Amino acid sequence: MCKFLKDDQVVGYNTREDLQNYLDFRKKHDRWLESSINSMRIISGEADPEQFKRKHNCLLPIEGIKECHEQGTNMFLELYISVNGAMKRGVIPIRNTAFRTILDRARINGFSLVNDVEDAGINVLPDNKKAEIISDCLRLYSAQAKVLYRDEEISAVHSGQYAILTEADIIKNFEEKLSEDFSDWSFEDATVSHSFFSASYRLNCEEIEEDIQMMLSDIGEDATSIKSKVRLFSSDVGTAAVHVLSFLEIDGHAISFGKPKTIKHAGKKTVEDIKKETGKLFSVFKECPEDMKRLSETKIEHPAGCLRGIAKEMHLPKKIACETADELEERTVGACTAYEIYWYLNDIAGKYEAACDDVFRNMNVRETVAECLKLDFRRFDKEFEWARKEKEDVE
């Protein structure tokens, strides 16, 4: 049975049926509200939830108000929406993920408005002051906003131009297009939270996997298992976009490649745009053997230096990149191929995923590594060392 998710709760599904139950639940309970920006107000919570409820005529149960005050942002959004032609007032808790989009609507930003941790020489701005500043800025703009009410809290406040693409519709159209191009595809697993959705699929395409196997044999690499896969990622907060990432699993090692297909929730985007981008997957996979063969034919005289140089230019996580380059230096005597460097770049992404639980940052690292496939690795073939300060950075 599906239930509302808490802020930090992440749920996994291993069957397509369980995933569909979640998608149906989400589509039934999510609500998109429209409100003018200048009619919105930010209200800070109070220690006495009963007093707060009476004062602001809040319809939320006492426990919900108390939870937002003690464990959440302690911030509430007051807004007016049209219900059957009449304007109704609502006071709803704000999630952490909504805060950035609210600041975007107020066209204000700054560390002091989001910081809630005192440190040496750094004090925290009281919640009531934050609420007052943001509310004053919201009053300046009369444009409409689209507000996502999810799991009894405000998850995002987008501009009026935001294109609403529900997870259920995204999945439906994505899988329809997969069926047209890859008739034997299979669902693997999915991960969901109140702020993102991620699902992995195996394409089961013999043509693609045989091409990869032949390429690996040509360059003297043996692989007992090759799986062509795609990952669908969507978010109504955070990146506010749909991403389709293609990758290979070679003997259990994930190799990303090809520029990810991205459909932003903007303007007149529809699920047809998702189908259009998904239709390009086959050509992406067909190009993969050629790109990897090119890398296998590219000799690199300074392997560790090449890896460090690419990691720096592409802004990959410094600490893990540094450790991986040191491992490469220990294991490699003399020259190697660019294909081996690319393998280690993917290793950086894998290690980062294991160390970081931020799915948005993990996805960005994977996308960045995938784009490295098209780089001219010879441009980085030289001795390179991190500066001391860079080497000490921890990301």
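Residues numbered from 1 in each chain as written. Predicted model: local features only at pLDDT ≥ 70, side-chain atom pairs only at ≥ 80, totals over all residues. Heavy atoms only, no water.

A. Seen up close, the packing of helix α11 (residues 303-313) against helix α13 (residues 338-355). Remark: α11 packs on α13, axes separated minimally by 10 Å, with the N-to-C direction vectors making an angle of 50°. Here α11 lies oblique to α13, going by the angle between them. Here the hand of the crossing between α11 and α13 comes out right-handed. Residues Pro303, Cys306, Leu307 and Ile310 of α11 pack against Ile341, Tyr344, Leu345 and Ile348 of α13. Of the residues in the contact of α11 with α13, the class split is eight nonpolar, no polar and no charged. (Axes fitted to C-alpha atoms, helices over the stretch in contact; angles between N-to-C directions. Helix = DSSP H or I, 4+ residues; strand = E, 2+ residues; numbered from the N terminus. Parallel < 35°, antiparallel > 145°, perpendicular 65-115°, else oblique. Left-handed = near helix turned anticlockwise from the far one by under 90°. Contact = heavy atoms within 4.5 Å. Nonpolar A, V, L, I, M, F, W, Y, C, P; charged D, E, K, R; others polar.)

B. Fine view of helix α7 (residues 167-181). Over its 15 residues, α7 extends 21 Å from the first C-alpha to the last, a length consistent with the 21 Å expected when each residue adds 1.5 Å. Those residues of α7 lying buried are Glu167, Ala168, Ile170, Ile171, Asn173, Phe174, Glu175, Lys177 and Leu178. (Expected span 1.5 Å × (residues − 1). Buried < 20%, exposed > 50% of the residue type's maximum accessible area, 1.4 Å probe, protein only.)

C. The arrangement of the packing of helix α10 (residues 281-296) against α13 in detail. Between α10 and α13, the least distance of the axes is 6 Å, while the angle of their chain directions is 115°. The angle between α10 and α13 falls in the class roughly perpendicular. Contact residues: α10 offers Met292, Leu295 and Ser296, while α13 offers Ala338, Tyr339 and Tyr342. When grouped by side-chain class, the residues that make up the contact of α10 with α13 number five nonpolar, one polar and no charged.

D. Fine view of the pairing of strand β9 (residues 197-202). For β9, a buried count of five out of six residues is recorded, marking the element as mostly surrounded by other parts of the structure. Where strand β8 (residues 186-192) lies against β9, six bridges are found, and the strand directions are antiparallel. Among the inter-strand pairings, Thr191 is bridged to a residue of β9, identified as Ser198. Between β8 and β9, which follow one another and run antiparallel, lie four residues. (Pairing = 2+ DSSP bridges.)

E. Representation of helix α1 (residues 16-29) in the model. Here α1 spans 20 Å end to end across 14 residues, near enough to the 20 Å set by a 1.5 Å rise per residue. Each element contacted by the buried residues of α1 is listed here: β1 (11-13), β6 (144-150), α7, β8 and β9.

F. Expanded view of the nonpolar core. Ranked by size, the top nonpolar core spans 73 residues in total, and within it Leu248, Ile310, Ile341, Tyr342, Leu345 and Phe377 carry the most contacts. The dominant element in this core, judged by the number of residues it contributes, is α13, at nine residues. Leu345 has contacts with Leu307, Ile310, Leu316, Val369, Cys372 and Phe377, leaving out every residue within four places of it along the chain. Formed by 24 residues, the second largest nonpolar core is a distinct cluster that contains Ile42, Leu77, Ala106 and Val157. (Core = buried A, V, L, I, M, F, W, Y, C linked by side-chain atoms within 4.5 Å.)

G. Spotlight on the side chain of Thr368. Checked against the element boundaries, Thr368 lands in helix α14 (residues 359-371). Judged by relative accessible area, which is 19%, Thr368 ranks as buried.

H. Broad picture of the pattern of salt bridges. Tallying each qualifying case throughout the model produces 28 salt bridges. The salt bridge partner of Arg139 is Asp136, with a shortest N-O separation of 2.6 Å. What makes Arg139 partly exposed here is its relative accessible area of 40%. The partner of Lys351 in a salt bridge is Glu327, and the shortest N-O contact between them spans 2.9 Å. Of this pair, Lys351 sits in helix α13 while Glu327 is found in helix α12 (residues 318-331), placing the two residues 24 residues apart along the sequence. Lys351 gets classed as partly exposed once you look at its relative accessible area, which sits at 24%. (Salt bridge = Lys/Arg side-chain N within 4 Å of Asp/Glu carboxyl O.)

I. Spotlight on the environment of Tyr162. Within the secondary structure, Tyr162 is located in the loop between β7 (153-159) and α7. The sequence separation of Tyr162 and Glu340 amounts to 178 residues, and the corresponding C-alpha distance is 42 Å.

J. Broad picture of unusual backbone geometry. In the Ramachandran plot, Asp151 falls in the positive-phi region, its phi being about 50° despite a non-glycine side chain. For Asp151, the location among the structural elements is in the loop between β6 and β7. Residue classification places Asp151 among the buried residues on the basis of a relative accessible area of 5%.

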